[in-house]
Amino acid sequence: MSSLGRGSVGQGKKKVQISFIIRDEVEKYNRSGVNAIQHDPDLKRLYSAGRDSIIRIWDTRTKKDPYLKSMEHHIDWVNDIVLCCRGRIMLSASSDSTIKVWNAHEGTCMATLRPHRDYVKCLAYAKDVEVVASAGLDKTIYLWDVEELAALTSTNNNVKESKVHEKSSIYSLAINPPGTILACGSTEKAVGVYSVGVMDTRGPQDIMRLKGHTDNVRALVLNRDGTQCLSGSSDGTIRLWSLGQQRCVATYRVHDDSVWALQANESFTTVYSGGRDRRVWATDLLNPDYRTLICEEKSPILKLELVKGDTDYDSMWVATTDSTIKNWSLKNIQKRLSGEYDNENIKPVYTQPNSTIKGGSSIRQYHVLNDKCHILTKDTENNVALWNVLSARLIENLGKVSFEEEIKKRFKMVHVPHWFTVDLKIGLLTIHLDESDVFSAWVSSIRDLGINPPSEWEDCKINLGQQLLRALFEHWPKSHMYENQDGMREMADPLLFSVPEHTPILINTCDDGHGRAHFHPFLCRDADKETQQKCLNEEVPSWAAEVLAHKNMSQTVTKIAFFLLQYPNSGIKTAPKDRLSASDMIQVRKVIEHVYEKVLRQGVENGHQSGESGDHEKEAQDISKLAAEKVELLCNDQVLDANMDLRTVKHFIWKQSGDLTLHYRLLNR
């Protein structure tokens, strides 16, 4: 008897989505924009936080192939990262609503924090006291003791937290090195300033609101003693605030668009800025008219990271909405600051970077083909590719060809219901499966989908969603056997196809009424590990468990109503106008056989039609062949392919509301 009851798997009435990503096993290159970067001066490493959900480690001493390792645990954009404890520990913030604690040297995830109820957008690090602040769209700021986070284990998972609530979504944070002053920027168009005691149980204390910006505050920097603050805004300005006077003491208008990134030198005399206008400026804070254009990127700038030289910062890493990261020289920039400037005609000091970490292409456009199995994509380098959803694999790189022409060339007159959705947010194909439609697509054969089934499956109707779920959970022991109606355990059928074992899978559970999501990511091959088995036994939704663990997959037959009439002037005696009904998957050839057997042969037997009346035995031996030779079926005066099913006829040829109307006529052979 089975020890797995139907109630022990699944999540009740909670909405649960299963997703997977089609990708290479090792993604060496950023596949989308880079939201954040951190430099480790001791190990000469650069860490990049990608919109493709991956944190990558790069060796800045190697220009040819700087890739070292990927840190993969997030399942959405990584929005910010901070290196702590002299580069030993890293914290990352993501749109998957989690904060992760990493061993930065080894690139391994140590713990996951889930205090936030929405995207976590920013982090700030107080170096002297090893405290990190986190904030995001849930309007809440949390403070974390990094040493305490680094000590978390599976048995020691209690962590203290200090928090404060804001009125608006938070997009930027800053904290001074001693951890005494915290600043946050939000859609409130103001800078909130808090007094912070080191992990004070009361939380940060609100001391002032700095108002003056006319749009979202996207970047903040505090000086060491917490007396001055720099803010960059979507209104295109940079403001310098005196916290003692609680007012703006200078406004810098060097950008033509939103300011998204700020950095300042240690003496707080020069600010480096970048944003939507793709330009990186250095501005003298003491003499606002003195500035210089360091470089101009090809894409909007998201983050700046200063690299310290012997005496001052001698270079800067720049991350943009493009996947490539560049390092630009800052040597002698101070000497180049000038009051003579013209934003439109000024030329950058440097036109070529010191070094470049090349990025990969990002998928930006897709088209699901009519078979609802293959997807055509076009990436940022205009390369077109063909993918198979069922096998989760790239089928063919087509190169720089016309995307529209490829869609036309691969058009097939076949109608299969939608049963999945596609997401390009991370620059890769992410496929989402929902209970509402995952089992909508039944097909008569999967041979035309690029999959060769076993002989015993040749004439079986196949549910695409069910078979894909079985492939995704191939290594989950509960899917190897199923419970029959008598409660006995039986071996599951062999898989029709498989997905790559490195395929990332995500179970996304939305809890009741609060809008908060819980994510459980794992790799296909890891489903048989003891820790994963325990999680999956609880996390796999009931609608998936029913077909995986219980093989409870009843075919829902969708009926289609139609009229079957003789073609005008066809020479066949008029039959009554009957309204028929059949499965929408029935093929035209079956309707032709019905016409031959129920109409034509009946006419022959009743003596209403002359010729070819004696060879009934031969007709009985091969009704299908004879029917195809004698009868053809039409819809809207278009002759139908015998292999076409009725749902395809209605979708592509009938194209009207109301019951389908088909006509039959004799072939002159």
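For the structure itself, consult the block above.
Sequence positions are assigned chain by chain, starting from 1 and proceeding in written order. Local features are withheld for residues below a pLDDT of 70 in this predicted model, meaning they are given only at 70 or higher, and side-chain atom pairs are given and counted only at 80 or more; totals for whole chains, interfaces and linings count all residues. The side-chain figures draw on all heavy atoms in the structure; neither hydrogens nor water molecules are used.

(A) A look at the overall build of the protein. Helix and strand counts for the protein stand at 10 helices and 46 strands. Per-residue accessibility takes into account occlusion by the displayed protein chains alone, with areas from the Shrake-Rupley method and a 1.4 Å probe. As displayed, the protein has an accessible area near 30800 Å², and 45% of this comes from carbon and sulfur atoms. Where helices and strands are cited, they refer to DSSP runs of H or I of at least four residues and of E of at least two residues respectively, numbered from the N terminus.

(B) Representation of empty space enclosed by the protein in the model. Of the two site types, the cavity is a set of points on a 1 Å grid over the protein atoms alone where a 1.4 Å probe fits but cannot get out, and the pocket is an open set with protein on both sides within 12 Å along at least five of seven lines, each lined by residues with an atom within 4 Å of a point. Grid points are joined across faces, edges and corners, and a volume is the space filled by probe spheres set on the points. Considering all chains together, one arrives at 3 cavities of 30 Å³ or more under this definition. If you add up the space inside the largest cavity, you get close to 50 Å³. Contributing to the lining of the largest cavity are Asp59, Thr60, Thr62, Lys63, Pro66, Trp317, Ser355, Thr356 and Ile357. Here the lining of the largest cavity takes 3 residues from strand β29 (residues 355-357), the largest share from any one element. Across the lining of the largest cavity, the residue classes break down as 3 nonpolar, 4 polar and 2 charged. Its boundaries defined by the atoms lining it, the second largest cavity holds a volume of some 40 Å³. Each residue gets one of three labels, nonpolar for Ala, Val, Leu, Ile, Met, Phe, Trp, Tyr, Cys and Pro, charged for Asp, Glu, Lys and Arg, and polar for the others, Gly among them.

(C) Representation of the sheet that holds strand β7 (residues 89-94) within the structure. Across the sheet, which stays open at both edges, the 4 strands sit in the order β6-β7-β8-β9 with antiparallel pairing between neighbours. For this open sheet the edge positions go to β6 (78-84) and β9 (108-113), each flanked by a neighbour on one side alone. Going across the sheet, the axis of each strand differs from the next one's by a mean of 20°, ignoring polarity. In the sheet, β7 pairs with strand β8 (residues 99-103) via 5 bridges, with the strands oriented antiparallel. Across the sheet, Ala93 pairs through a bridge with Ile99, a residue of β8. Should DSSP find at least two bridges between two strands, the strands are regarded as paired. Helix axes are fitted to C-alpha atoms over the stretch in contact, other axes to C-alpha atoms as well, and angles between N-to-C directions run from 0 to 180 degrees.

(D) Up close: helix α10 (residues 646-654). Partly exposed describes any residue whose relative accessible area lies between the buried limit of under 20% and the exposed limit of over 50%, with all areas from a 1.4 Å probe on protein chains only and scaled to the type maximum. Within α10, 7 of the 9 residues are buried, which leaves the element mostly enclosed by the surrounding structure. Along α10, the residues classified as buried are Leu646, Arg647, Thr648, Val649, Phe652, Ile653 and Trp654. Following α10 by one or two positions, Lys655 adopts a phi angle in the positive range, close to 50°.

(E) Spotlight on the nonpolar core. As used here, the term nonpolar core means buried Ala, Val, Leu, Ile, Met, Phe, Trp, Tyr and Cys residues forming a set that is joined through side-chain atoms within 4.5 Å. Leu468 and Phe473 are the most contacted members of the largest nonpolar core, which totals 49 residues. When residues of this core are traced back to their parent elements, those giving at least two are β1 (15-22), β32 (384-388), β35 (429-434), α4 (464-472), β40 (504-510) and α6 (542-548). Every residue in contact with Phe473, bar those within four places of it in the chain, is listed here: Ile18, Ser479, Ile507, Phe522, Leu536, Val540 and Leu548. Residues Ile592, Val631, Ile653 and Leu660 belong to the second largest nonpolar core, which totals 26 residues. It only takes one pair of heavy atoms within 4.5 Å for two residues to be counted as in contact.

(F) Expanded view of the pattern of salt bridges. Take a side-chain nitrogen of Lys or Arg and a carboxyl oxygen of Asp or Glu: if they are within 4 Å of each other, that pair is a salt bridge. What the rule picks out here adds up to 26 salt bridges. We note a salt bridge from Asp59 to Arg61, for which the minimum N-O separation is 3.2 Å. When its relative accessible area of 13% is taken as the criterion, Asp59 is described as buried. Look at Arg61 and you get exposed, because its relative accessible area is 59%.

(G) Local environment of the packing of aromatic side chains. Two rings belonging to Phe, Tyr or Trp (six-membered ring only in the last case) form a pair when the distance between their centres is within 6.5 Å. Interplanar angles under 30 degrees mark stacking, angles over 60 mark edge-to-face geometry, and anything in between is tilted. Taken as a whole and assessed by the stated rule, the structure comprises 7 aromatic pairs. Between Tyr142 and Trp144, the aromatic rings sit 5.7 Å apart at their centres with planes inclined by 20°, giving stacked as the arrangement. Considering the side-chain rings of Phe439 and Trp543, the 6.3 Å spacing of their centres and the 75° angle between planes classify their relative orientation as edge-to-face. One end of the pair, Phe439, is in the loop between β35 and β36 (442-443); the other, Trp543, is in helix α6, with 104 residues separating them in the sequence. Given the relative accessible area of 7%, Trp543 is considered buried. The rings of Phe473, Trp476 and Phe522 are connected pair by pair, giving a single aromatic cluster. Here, over-ring charges are defined by two tests on the NZ atom of lysine or the CZ atom of arginine: distance to the ring centre within 6 Å, and angle to the ring normal within 35 degrees. In this arrangement the basic side chain of Lys425 is found over the ring face of Trp77, its NZ or CZ atom lying 5.5 Å from the centre. Sitting over the ring of Tyr567, Arg665 keeps its end group 4.8 Å from the ring centre.

(H) Here's a closer look at unusual backbone geometry. Non-glycine residue Arg86 carries a positive phi angle of around 55°. Mapped onto the fold, Arg86 is located in the loop between β6 and β7. Overall, the relative accessible area of 69% leaves Arg86 in the exposed class.

(I) Layout of the pairing of strand β28 (residues 325-329). Of all the 5 residues making up β28, 5 are buried; the element is thus mostly covered by neighbouring parts of the structure. On β28, burial covers both faces: Ile325, Asn327 and Ser329 on one face and Lys326 and Trp328 on the other are all buried. In this sheet, β28 lies alongside strand β27 (residues 313-320) in antiparallel orientation, the contact comprising 4 bridges. Looking at the pairing, Val318 lines up with Lys326 of β28. Count of turn residues in the β27/β28 antiparallel hairpin: 4 residues. Two strands pair when backbone bridges link them, and β28 and β29 are joined in this way by 3 bridges, in the antiparallel orientation. If you follow Lys326 over to β29, its bridge partner there is Thr356.

(J) The arrangement of the sheet that holds β29 in detail. If you trace the 4 strands from one edge of the open sheet to the other, you get β26-β27-β28-β29, paired in antiparallel fashion. With one partner strand each, in any of the chains shown, β26 (301-308) and β29 form the two edges of the open sheet. In this sheet, neighbouring strand axes are inclined to one another by 20° on average, regardless of whether the strands run parallel or antiparallel.

Distances and angles like these do not, on their own, reveal function.
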